[in-house]
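Here is how the chains run, residue by residue.
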Amino acid sequence: MRRPALEVAYIFRAHGHAWRQAQHGHLSLGQLKVMSAIEQCRSAALGGHVLRCDACDEVEIAYNSCRNRHCPKCQATAARRWLEARQADLLPLDYYHVVFTLPAPISAIAYYNKTVLYDLLFEVAAQTLRTIAADPKHLGAQIGVTLVLHSWGSALTHHPHVHGIVAGGGLSADGERWVACKPGFFLPVRVLSRLFRRRFLEELDQAHRAGRLQFFGEYAALADARAFAAWLAPLRACEWVVYAKRPFAGPAAVLAYLSRYTHRVAISNQRLLALDERGVTFRWKDYRATGKTRHKTMTLGADEFMRRFLLHVLPGGFHRIRHYGLLANAGRREHLARARELLHVVPAATEPQPSTDAANASTFVCPHCGAAMIIVETFARGQPIRAPPTLRAAA
């Protein structure tokens, strides 16, 4: 696949140094590390190797990746490995897509309290799904849930929400039968929304009482208990956005969806259109519009573009893909084995894994003839790169 004409790395390399100096003291260590990683990704700064094709003698230099989870160029391999691991978890059922979104006022304070509020978003969304699903009035079953955090809107604004992927059914409370949901319908969205709102506000209030929240700037007054209670009051009355999409067209469609969403970053290089004196121009989707007017372009100054991109840097060690219920790591294998038994599904035979040598041999493919390329030389970080080695004369 051809490399995009413009990349986030180019923007950081062109404007990042000056912006870092202008923002000295206002950027976190995590944000600075992300900028540095993206700037150096697939460049001589990280080292690399020289490849040669045995079939056509083509020689290429390949630079190492930064492997940072916020880098637009480093997610494809990570997503592929993750999907291969998840294939064994899929059941031959309809899967549903549920989204839980935080209201704008809470999103604003979430930026300064990412670990606390993102954790609450995960835990309360999972608890809401499992509680309503376990209620005999709705489904009456234990379900498995995979949640993926996205913190951005299409225009790079701070818009925290989690995407939930849920199988259309679950195990009965005693584990003796499989309970399937109604065709095309998982759980009532309004019931999910009301419980999600109540439980999240309860947990948020407890976090404030425990002194776990920080407030700055225009929100500094919320550190006072009375001011915070008054600020929460309107949020108890407004509607919170929880919605469910139509079921996926089988497990294969679930994997296709996950391959696009699990390791997505705030903006892909493919959405970037231009970098010029006006700033950065990119494509975005206006979800409030319909039809052809939904797809638009936006131009932001380079400084503003970098600011918005770095809004979405996650705290160190924070897991943005989590599994709950039947898919929780503690009992995943046993629960899935029981589900397959009740659904009369024969487990797929495990294919033998290719040897390490075979896997490495086909890692690099010649762009000219499609044959495998081999590594003939490596160079370390910061080591000067020599010209490609001359080919030895045939003996």
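Concerning the overall build of the chain
Phase 1 of the analysis: Scanning the chain from N- to C-terminus turns up 11 helices and 13 strands.
Phase 2 of the analysis: Here the C-alpha coordinates of the chain stretch approximately 80 × 60 × 45 Å along the principal axes.
Phase 3 of the analysis: Within the chain, buried positions represent 45% of all 395 residues.
Phase 4 of the analysis: Sequence-distant contacts, at least 24 apart, represent 71% of the contacts inside the chain between residues at least 6 apart.
Phase 5 of the analysis: When the accessible surface of the chain is summed, it comes to about 21600 Å², and 53% of that surface belongs to carbon and sulfur atoms.
Phase 6 of the analysis: One way to put it: in the chain the 50 positive side-chain charges average out to a point 4 Å from where the 30 negative ones average out.

A short note on the sheet that holds strand E1 (residues 48–53)
Phase 1 of the analysis: Read across the open sheet, the 3 strands follow the order E2-E1-E13; overall the sheet is antiparallel. Edge positions in the sheet fall to strand E2 (59–63) and strand E13 (373–379), since each of these pairs with one other strand and no more. Ignoring which end each strand starts from, the neighbouring axes of this sheet average 30 degrees apart.
Phase 2 of the analysis: Across 5 bridges, the pairing between E1 and E2 is antiparallel. Bridge pairing links Val-50 to Ile-61 in E2.

Regarding helix H6 (residues 189–209)
Phase 1 of the analysis: The first and last C-alpha atoms of H6 sit 30 Å apart over 21 residues, in line with the 30 Å expected at 1.5 Å per residue.
Phase 2 of the analysis: By the burial criterion, the buried members of H6 are Leu-192, Ser-193, Leu-195, Phe-196, Arg-197, Arg-199, Phe-200, Leu-201, Leu-204, Asp-205, Ala-207 and His-208.
Phase 3 of the analysis: Buried residues belonging to H6 abut strand E3 (95–101), helix H4 (104–110), helix H5 (114–134), helix H7 (225–237) and strand E8 (242–244).
Phase 4 of the analysis: Immediately beyond the C-terminal end of H6, within one or two residues, lies Gly-211, with a positive phi of roughly 75 degrees.

Things to note about the packing of H6 against H7
Phase 1 of the analysis: Taken N-terminus to C-terminus, the directions of H6 and H7 make an angle of 175 degrees; their axes are 11 Å apart at the nearest point. The pairing of H6 with H7 is recorded here as roughly antiparallel in orientation. On H7, the residues that touch Arg-197, Leu-201, Leu-204, Asp-205 and His-208 of H6 are Ala-225, Phe-228, Leu-232, Leu-235, Arg-236 and Ala-237.
Phase 2 of the analysis: Considering only residue class, the contact of H6 with H7 consists of 7 nonpolar, 1 polar and 3 charged.

Reading the values: the criteria
- Residues numbered from 1 in each chain as written.
- Predicted model: local features only at pLDDT ≥ 70, side-chain atom pairs only at ≥ 80, totals over all residues.
- Heavy atoms only, no water.
- Helix = DSSP H or I, 4+ residues; strand = E, 2+ residues; numbered from the N terminus.
- Buried < 20%, exposed > 50% of the residue type's maximum accessible area, 1.4 Å probe, protein only.
- Contact = heavy atoms within 4.5 Å.
- Areas by Shrake-Rupley, 256 points an atom, 1.4 Å probe, with all protein chains shown as cover.
- Lys, Arg positive; Asp, Glu negative; His and termini not counted.
- Charge placed at Lys NZ, Arg CZ, Asp CG, Glu CD.
- Pairing = 2+ DSSP bridges.
- Axes fitted to C-alpha atoms, helices over the stretch in contact; angles between N-to-C directions.
- Expected span 1.5 Å × (residues − 1).
- Parallel < 35°, antiparallel > 145°, perpendicular 65-115°, else oblique.
- Nonpolar A, V, L, I, M, F, W, Y, C, P; charged D, E, K, R; others polar.

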